[in-house]
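Each chain is listed here by its residues.
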Amino acid sequence: MQVEILHRPAYALAVVKLDAGEQVKAEAGAMVSMDTHVKMETQSGGLGKGLKRMLLGGESFFQNTFTAEGQPGEVTFAPTLPGDIIHRAMDGEWIIQGSSYLASTPSIEIDSKFGGFKGFFSGEGLFMLKATGKGDLIINSFGAIHEIDVDGEYIVDTGHIVAFESTLDYKINRVGGWKSTILSGEGLVCRFSGKGRLWIQTRNGSEFGKVLGPLLPEKSR
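Residues numbered from 1 in each chain as written. Predicted model: local features only at pLDDT ≥ 70, side-chain atom pairs only at ≥ 80, totals over all residues. Heavy atoms only, no water.

Peer 1: When you look at a nonpolar patch on the surface in this model, what are you seeing that I'm missing?
Peer 2: Taken together, the side chains of M31, M34 and M40 present a nonpolar region at the surface, about 230 Å² in accessible area. Tracing the chain through its elements places M40 in strand β5 (residues 38-43). (Patch = residues over 30% accessible without salt bridge, like charges linked within 9 Å, V, L, I, M, F, W, Y side chains within 5 Å. Areas by Shrake-Rupley, 256 points an atom, 1.4 Å probe, with all protein chains shown as cover. Salt bridge = Lys/Arg side-chain N within 4 Å of Asp/Glu carboxyl O. Helix = DSSP H or I, 4+ residues; strand = E, 2+ residues; numbered from the N terminus.)

If you want it as structure tokens, here you go:
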């Protein structure tokens, strides 16, 4: 599988080229275009796992698997919101923010991972997906993606987390006291510790929604 990322960083598009018989799986609704000889099959990954991903992971119930039948083929993917896409070869375990998973090779298993009860109070949808295995992973962001090599401790606003390697430990904390949390506009943060890679996004979807929401016209009754 070969992956090319076009139109970065605001309106990124992932162009995936498959050899004959090769497959790629993607989040439902991520496909933009594909060759006519590429076959798409929809799967839930099992009823229990599919429901767990939908309810806890913030992801849709189904995933689509694309197969290049008889000859090489091309499929393109893009996220719903404007932003960037990165492609990485992974071998091990990553934790991915629920809405940031886009596509991967079938050798990578995607499952939900609950970020802790404090995630309920962050307002940032702090529910994580766990990617395990060896293969190609494609993730997306709202805004641009910034990669950080953590060696020690590092703090990130929960609304800006895209993904991180599971070699990093993490805890949800307040920025300071409750007064600082309420008045600073920063909400809750994730304190990472250990050594590993971390990816963050330059825009916060929740905060963007708060700004955009009041500007939208009211629904007619």
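Peer 1: Got a minute to help me understand the packing of aromatic side chains in this structure?
Peer 2: Geometrically, a pair of aromatic rings is defined through the distance of the ring centres and the angle of the planes. Considering all chains together, one arrives at five aromatic pairs under this definition. Considering the side-chain rings of F164 and F192, the 4.8 Å spacing of their centres and the 65° angle between planes classify their relative orientation as edge-to-face. One end of the pair, F164, is in strand β13 (residues 161-165); the other, F192, is in strand β15 (residues 188-201), and 28 residues separate them in sequence. No difference in accessibility class separates F164 from F192, as the two residues are buried. (Phe/Tyr/Trp six-rings, centres within 6.5 Å; stacked < 30°, edge-to-face > 60°. Buried < 20%, exposed > 50% of the residue type's maximum accessible area, 1.4 Å probe, protein only.)

Peer 1: Explain the environment of W199 to me, please; I cannot follow it from the model alone.
Peer 2: Looking at where W199 falls in the secondary structure, it is placed in strand β15. Not counting residues up to four positions away in its chain, the partners in contact with W199 are I86, R88, W94, I145, H146, E147, H160, I161, V162, A163, F164 and E165. Of note is the side chain of W199, whose polar atom sits 3.0 Å from the side chain of E147. (Contact = heavy atoms within 4.5 Å. Polar contact = N/O pair within 3.5 Å; in protein donor to acceptor, adjacent residues only side chain to side chain.)

Peer 1: Would you take a moment to explain the sheet that holds strand β2 (residues 13-18) for this structure?
Peer 2: Sheet strands line up and pair through hydrogen bonds in the backbone, either parallel or antiparallel. Spatial strand order, β1-β2-β7-β4: four strands in an open sheet with antiparallel pairing. The open sheet terminates on both sides in strands that have one partner only, identified here as β1 (2-6) and β4 (31-34). With direction set aside, neighbouring strand axes in the sheet form an average angle of 20°. Relative to β2, β1 runs antiparallel, the two sharing five bridges. Bridging from a neighbouring strand, V3 pairs with V16 of β2. (Pairing = 2+ DSSP bridges. Axes fitted to C-alpha atoms, helices over the stretch in contact; angles between N-to-C directions.)

Peer 1: I'm lost on the environment of I139 in this one. Help?
Peer 2: Inspection of the secondary structure puts I139 in strand β11 (residues 127-140). Spatially, the C-alpha atom of I139 lies 8.3 Å from that of I96, the residues being 43 residues apart in sequence. When residues no more than four places from it in sequence are discounted, the contact partners of I139 are D84, I85, I86, W94, I96, S100, Y101, L102, I145, V162 and A163.

So yeah, pure geometry; function would need other evidence.
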